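Overview (structure and organization)
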Protein chains: 2
Amino acid sequence: MATLVSEGSSPEVLTRTPEPGEDAPLAPLYERIADRILGSIRDGILVAGQRIPSVRRASEQFGVSITTVLEAYRRLEDRGLIEARPQSGYYVRRTLDRAPAPARTASNETAAELTLSDLVMRVIHDWSQPGLMANFGVAAPSPALVPTTRIDRLLCREVRRHSVGSLAYERPLGLEQLRVQIARRALDVGVTISPDDIVTTCGAQNAVRLCLETITRPGDTVAIETPTYFGLLEVLESLHLRALEVATFPEHGICLDALDEALRRHRVAACVLCPTFANPLGHCMPTEKKGRLVDLLERHGVPLVEDDVYGDLTFDAHRPPPVKAFDRTDNVLLCSSLSKTLAPGLRVGWTMPGRHRRAVERLKFNSMLAVPTPTQLAAAAFLEEGGYDRHLRRLRRACADQLARVSDVVTRVFPLGTRVSRPRGGCMLWVELPEEFDALQLYESARAERIAIAPGPIFSATERYRNCFRMSCAVPWTQDVERAVERLGKLAGDQLR
Amino acid sequence: MATLVSEGSSPEVLTRTPEPGEDAPLAPLYERIADRILGSIRDGILVAGQRIPSVRRASEQFGVSITTVLEAYRRLEDRGLIEARPQSGYYVRRTLDRAPAPARTASNETAAELTLSDLVMRVIHDWSQPGLMANFGVAAPSPALVPTTRIDRLLCREVRRHSVGSLAYERPLGLEQLRVQIARRALDVGVTISPDDIVTTCGAQNAVRLCLETITRPGDTVAIETPTYFGLLEVLESLHLRALEVATFPEHGICLDALDEALRRHRVAACVLCPTFANPLGHCMPTEKKGRLVDLLERHGVPLVEDDVYGDLTFDAHRPPPVKAFDRTDNVLLCSSLSKTLAPGLRVGWTMPGRHRRAVERLKFNSMLAVPTPTQLAAAAFLEEGGYDRHLRRLRRACADQLARVSDVVTRVFPLGTRVSRPRGGCMLWVELPEEFDALQLYESARAERIAIAPGPIFSATERYRNCFRMSCAVPWTQDVERAVERLGKLAGDQLR
């Protein structure tokens, strides 16, 4: 975005003909002028205490009417960004940095029995409605970012090669070719494992549930980071488990001191974490801390179910190792999938359940005998020869880019006091608005405008995070997407007015 | 098989060159002579009390030595089929009819907590070993009986048409096209249902488990027929449910009086039955009895989980309606799949959970979010345009034929006192040997000869049926298959000697 030109530069006319592909009308002139000034504030060209161009000067500079400029300034004033000083003009009230990251979340004193409302089902149902203007709900890459034709081609080739119509029941462990590929890739991130210690599943959700069902009994308490993925809370509820929410740093994950204390004070059967680009906070636990986490859990005799589905989506040069890489006692049950990097519709996931392998295999068998063979064949072929690493490099760049863009717009259009997470991987942002804000209300008003988000309360066992929401950003940047973020900011602002 | 010629007919030489495809050595001459005589007894040419040819006469007739005939007669004598009368010769001791059907099974007085051994996992693992001479273990049609090429072709076409690589998470309910096809076919068997009241699953095993997990709580008691499918017992154990085994007639299913009494005496949370060609007994509950079953369960307020996977495999002109067809109060949760009629590797199943639809849908969501889309697309396409009914007609004929052939050989080669089920549909036989017989021992000795069967005890929550085993017969008839059945009979006979 162009920054506001300083005094004396040539005027610039904002009106222009829409570019190809722009089918919706442009935002009103006053909003676009307000945006320009906001950009200058954010970029540090205009700093706190500095006078912005007078109404008359801005009118000339932008080639618009006095009324339009006044309307733009009034909006900036409403948002607390500028202030009018009598007889003097308009001044920048505060320097706008990128929105700050959310603060550390707090532990709960007691483990909660879960009674999730039907909200989650309604929310995920809404996400799959056709005709959405923007879907910030589903945490999976847009097909535009995935080599869909190559996936289709490999699937068909494997179907013919193995005549899947003639395949009998697969062994409960899962397709061997796929387990071999998973074991090979695990080696790259520091996990040495035999293919026979891997169990394929119907996505990572299925893997996490099979692991938890194996290592817990109804009524047990499970320690989790907070906020946490709503799908995990659903699993805890359906298995009649109690959730113990433990304080979490949005920069580096669960607070080990708080976890240590929780494990001392409660009888905890398992711990479930997403340590590498968590859902929804996006943090990555530092490598050294992962080692300490393993030691801590080992000391307490508490197994870790590690959700690693976002691990491959790092924005940095090296993919961080999973916690499983530091596990010397088979105490970590790693779960992952290809849903966040290839295609969720394939439902290809797996787990490395350590010493619980036999029990998990048996539970998978009695849950579904086996998972479909054709999609596993396609996944194995793609991992072996589909250019998965090349694809990952592109996908990571795309996710990093989208996250930065969405974060920029959120910073620009959301009310003052808004905080935004700063992930170094994954595909989502966690937006925290001032306390009085109601994310469920935002969810409803956004829904009415065909914009999907994930409201904060579904990420807590105890209905916290009412002022927060999650935005998935693994969609290519379009004007629709930008406008949708702007609309969200507007709707949020309306609520706080 | 040619019958024994009567006195005076021309001698027949048994030695011959092997036919193409016969790579194994022929059975010893004396066994083949014994078979001939057995065939004559079974076919009623030789009846009880009748004298069979003298040793000398038979020696001439068959063109073999006296010693060979004596050995053959000794074997028939050992099996109680003929007797030597001093100074007179050999006489038929009893007329051999087709082996009788098993008797009614008995109820258990109390509900059993399940502690299945690792036997089931070992057994199903053995079944998937390569190089089996004959697999009577897996209850699914051999690929030779399935239009595998058409399945592959339709799957590929659908993959390309819908670009499955680009599909997002599916709605938890499952693929709409598939649900529409299932609803259409349901109408043909008397079940009127909306596609939105169907939930697709990862096979019927998955469907049954989702339903049971939805309508029960850990510790609940579930009424089942006995013997029952081992996969169901696995589900009950893993859900911490107690199994109440109710007396069952091998001709027409669970005893309603015994069920009524069980429901009066116990607090039962659900009933699970496979009323149409049950696994393993093969019975089909008469239509009128299905109506009475619905009324009985409704009166007791106990929901029925109906496993209908074999329903399409009828040997008669009309496919019997499922119990669900008589359900007026949404008290029946029907579960089925395409694993027994098309291809188990696709893992396409579904449930019609009646009033529990929302709860089942939610449990499916939290278990695995969704099942893979590509295989559902292929299944929908096959049901719509793949000639499913034509295929079914062929498959039914094949299954009926195999069952009759296997049953014949069992009758011929198994020890006296053996009983065999007489199913009018499905693809399996239940073989009951005399009390002292040990099916686990037969399982082991058959395994050593690369023949897979399903030993009786895995079909009971209380380790009953030690003298029984299940044979799946949905494999094309070959000499290997015939020889394998004969080997089983020999191994069983050895045990009782």
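Residues numbered from 1 in each chain as written. Chains lettered and ligands numbered in written order. Predicted model: local features only at pLDDT ≥ 70, side-chain atom pairs only at ≥ 80, totals over all residues. Heavy atoms only, no water.

**Some details on the overall build of chain A**
The helix and strand tally for chain A stands at 15 helices and 18 strands. Over its C-alpha atoms chain A spans a radius of gyration of 25 Å, differing by no more than 12% from the 23 Å that the globule rule assigns to 497 residues. Within chain A, the proportion of its 497 residues that are buried is 62%. If you take every contact in chain A between residues at least 6 apart in sequence, the share linking residues at least 24 apart comes to 76%. Put simply, chain A shows about 18,900 Å² of open surface, and 48% of that area lies on carbon and sulfur atoms. Distance between charge centres in chain A, computed from 64 positive and 62 negative side chains, equals 2 Å. (Helix = DSSP H or I, 4+ residues; strand = E, 2+ residues; numbered from the N terminus. Rg over C-alpha atoms; globule rule 2.2 N^0.38 Å. Buried < 20%, exposed > 50% of the residue type's maximum accessible area, 1.4 Å probe, protein only. Contact = heavy atoms within 4.5 Å. Areas by Shrake-Rupley, 256 points an atom, 1.4 Å probe, with all protein chains shown as cover. Lys, Arg positive; Asp, Glu negative; His and termini not counted. Charge placed at Lys NZ, Arg CZ, Asp CG, Glu CD.)

**Re the interface of chain B and chain A**
Across the contact, 67 residues belong to chain B and 67 residues belong to chain A. Summed over both partners, the interface of chain B with chain A buries about 5,300 Å², with 61% contributed by carbon and sulfur atoms. Of all residues in chain B, B:Tyr169, B:Arg362 and B:Asn366 bury the most surface against chain A, accounting for 14% of the area lost on that side. Where chain B meets chain A, there are six salt bridges. Between B:Arg209 and A:Glu213 there is a salt bridge whose closest N-O contact spans 2.7 Å. Only helix H4 (119-127), helix H5 (148-162), helix H7 (203-215), helix H8 (230-238), helix H11 (357-368) and helix H12 (373-385) of chain B provide two or more residues apiece to the side of chain B that touches chain A. The element contributing the most residues to the side of chain B that touches chain A is H5(B), with eight residues. (Buried area = accessible area lost by both parts, 1.4 Å probe. Salt bridge = Lys/Arg side-chain N within 4 Å of Asp/Glu carboxyl O.)

**Things to note about the packing of helix H4 (residues 119-127) of chain A against H11(B)**
Working note: a packed helix pair is described by the angle between its axes plus the distance between those axes. Packing of H4(A) against H11(B) leaves a shortest axis separation of 11 Å and a crossing angle of 75°. With respect to each other, H4(A) and H11(B) are oriented roughly perpendicular. Where H4(A) abuts H11(B), its residues A:Val120, A:Met121 and A:Ile124 lie against B:Glu361, B:Arg362 and B:Phe365. Residue composition of the contact of H4(A) with H11(B), by class: four nonpolar, no polar and two charged. (Axes fitted to C-alpha atoms, helices over the stretch in contact; angles between N-to-C directions. Parallel < 35°, antiparallel > 145°, perpendicular 65-115°, else oblique. Nonpolar A, V, L, I, M, F, W, Y, C, P; charged D, E, K, R; others polar.)

**Quick notes on the sheet that holds strand E12 (residues 332-337) of chain B**
All names here are of chain B. Spatially, E3-E7-E6-E10-E11-E12-E13-E5 is the arrangement adopted by the eight strands of the open sheet, whose pairing is mixed. Both outer strands of the open sheet, strand E3 (112-113) and strand E5 (199-202), are each paired with one neighbouring strand and no more. Sheet analysis places strand E11 (residues 304-307) next to E12, joined by four bridges and oriented parallel. Note on E12: the bridge partner recorded for Leu304 is Val332. Along the sheet, helix H6 (residues 176-188) contacts E5 and strand E13 (348-352); its crossing angle with E13, the most-contacted strand, is approximately 60°. With respect to the sheet, H11 is in contact with E5 and E13, its orientation differing from that of E5 by roughly 35°. (Pairing = 2+ DSSP bridges.)

**Let's talk about the relation of the copies chain B and chain A**
The two chain copies are connected by a rotation around an axis plus a translation along it. With an RMSD of 0.1 Å, the operation that places chain B on chain A is a rotation of 180° combined with a shift of 0.0 Å along the axis. In the structure described here, the two chain copies are related by an operation that fits a two-fold rotation axis. No C-alpha of chain B lies nearer the rotation axis than that of B:Cys156, which sits 2.5 Å from it. Of all interface residues in chain B, 100% are interface residues in chain A too; the two copies therefore contact each other through one and the same surface. (Least-squares fit on C-alpha atoms with pLDDT ≥ 70 in both.)

**Considering a positive patch on the surface**
On the surface, A:Arg153, A:Arg160, B:Arg153 and B:Arg160 cluster together into a patch of positive charge. Note that B:Arg160 resides in helix H5. Residue B:Arg160 is classed as partly exposed on the basis of its relative accessible area, which comes to 49%. (Patch = residues over 30% accessible without salt bridge, like charges linked within 9 Å, V, L, I, M, F, W, Y side chains within 5 Å.)

**Digging into the environment of A:Ser421**
Residues and elements named next belong to chain A. Structurally, Ser421 can be placed in the loop between strand E14 (419-420) and strand E15 (428-432). The buried category is assigned to Ser421, whose relative accessible area is 0%. Taking C-alpha positions, Ser421 is 26 Å from Glu261, a pair spaced 160 residues apart along the chain. A distance of 2.8 Å separates the side chain of Ser421 from the backbone nitrogen of Trp430, its partner in a polar contact. (Polar contact = N/O pair within 3.5 Å; in protein donor to acceptor, adjacent residues only side chain to side chain.)

**Details of the pairing of strand E6 (residues 221-225) of chain A**
Residue and element names in this part refer to chain A. By the criterion of burial, E6 is predominantly enclosed, with five of the five residues buried. Bridge count between E6 and strand E7 (residues 242-246): five bridges; the pairing is parallel. By the bridge assignment, Ile224 is partnered in E7 with Glu245. What joins E6 to E7 is helix H8 (residues 230-238), and the crossover it makes is right-handed. Summarising the sheet, E6 and strand E10 (residues 268-273) pair through four bridges and their orientation is parallel. (Right-handed = clockwise from strand over helix to strand, strands pointing away.)

**Quick word on helix H10 (residues 287-300) of chain B**
In this model H10(B) runs 20 Å from its N-terminal to its C-terminal C-alpha over 14 residues, within 8% of the 20 Å that 1.5 Å per residue would give. If you check which residues of H10(B) are buried, you get B:Lys289, B:Lys290, B:Gly291, B:Leu293, B:Val294, B:Leu296 and B:Leu297. (Expected span 1.5 Å × (residues − 1).)

**Regarding the sheet that holds strand E14 (residues 419-420) of chain B**
Residues and elements named next belong to chain B. On the basis of which strands lie adjacent, the open sheet formed by four strands has the order E14-E15-E18-E17 and antiparallel pairing. Of all strands in the sheet, those bounded by a partner on one side alone are E14 and strand E17 (454-455). Summarising the sheet, E14 and strand E15 (residues 428-432) pair through two bridges and their orientation is antiparallel. Along E15, the bridge assignment pairs Val420 with Val431.

**Side note on the pattern of salt bridges**
Summed over all chains, the structure comprises 68 salt bridges over all chains. Among the salt bridges present, the one from B:Arg161 reaches B:Glu158, with a minimum N-O distance of 3.6 Å. Here the residue B:Arg161 and the residue B:Glu158 both occupy positions in helix H5, the gap between them amounting to three residues, near one helical turn. With relative accessibility at 5%, the residue B:Glu158 sits in the buried group. One network of salt bridges, in which partners are shared, links A:Arg157, A:Glu158, A:Arg161 and A:Glu385.

**A word on unusual backbone geometry**
Residue A:Pro280 follows A:Asn279 across a cis peptide bond; omega there is 15°. One can find A:Pro280 in the loop between E10 and helix H10 (287-300). Phi at B:His240 takes a positive value of approximately 60°, unusual for a residue other than glycine. By secondary structure assignment, the location of B:His240 is in the loop between H8 and strand E7 (242-246).

**With respect to helix H15 (residues 479-496) of chain B**
Residues and elements named next belong to chain B. The first and last C-alpha atoms of H15 sit 26 Å apart over 18 residues, in line with the 26 Å expected at 1.5 Å per residue. Buried within H15 are the following residues: Val481, Arg483, Ala484, Val485, Leu488, Gly489, Leu491, Ala492, Gly493 and Gln495. The elements touched by buried residues of H15 are strand E4 (134-135), helix H13 (388-413), helix H14 (439-448), strand E16 (451-452) and strand E18 (468-472).

**Considering the confidence of the model for chain A**
Residue and element names in this part refer to chain A. Chain-level statistics for chain A give a pLDDT mean of 89 and a share of 92% at 70 or above. For the stretch residues 1-25, pLDDT sits under 50, and the model shows 44 contacts to residues farther than four places along the chain or on other chains. For this predicted complex, the interface confidence comes out at an ipTM of 0.82, alongside a pTM of 0.83. (pLDDT = per-residue confidence, 0-100.)

**Some details on the side chain of B:Asp260**
Residues and elements named next belong to chain B. Checked against the element boundaries, Asp260 lands in helix H9 (residues 256-265). Judged by its relative accessible area of 15%, Asp260 falls in the buried class. If we skip the residues at most four places from it in the chain, Asp260 touches Leu296 and His300.

**A short note on the nonpolar core**
Soluble globular proteins tend to pack their nonpolar side chains together in the buried interior. Residues and elements named next belong to chain A. Grouped together as the largest cluster of nonpolar side chains are 95 residues, with contacts concentrated most on Phe136, Leu212, Leu236 and Met471. The dominant element in this core, judged by the number of residues it contributes, is helix H13 (residues 388-413), at eight residues. Not counting residues within four places of it along the chain, the set of residues in contact with Phe136 comprises Ile451, Ala452, Ile453, Arg470, Met471, Ser472, Val481, Ala484, Val485 and Leu488. (Core = buried A, V, L, I, M, F, W, Y, C linked by side-chain atoms within 4.5 Å.)

**Things to note about the packing of helix H6 (residues 176-188) of chain A against helix H12 (residues 373-385) of chain A**
All names here are of chain A. The interhelical angle for the contact between H6 and H12, taken along N-to-C directions, is 35°, at an axis separation of 8 Å. By crossing handedness, the relation of H6 to H12 is classed as left-handed. Contacts between H6 and H12 involve Gln177, Leu178, Gln181 and Arg185 from the former and Gln376, Leu377, Ala379, Ala380, Leu383 and Glu384 from the latter. Of the residues that constitute the contact of H6 with H12, the class distribution is five nonpolar, three polar and two charged. (Left-handed = near helix turned anticlockwise from the far one by under 90°.)

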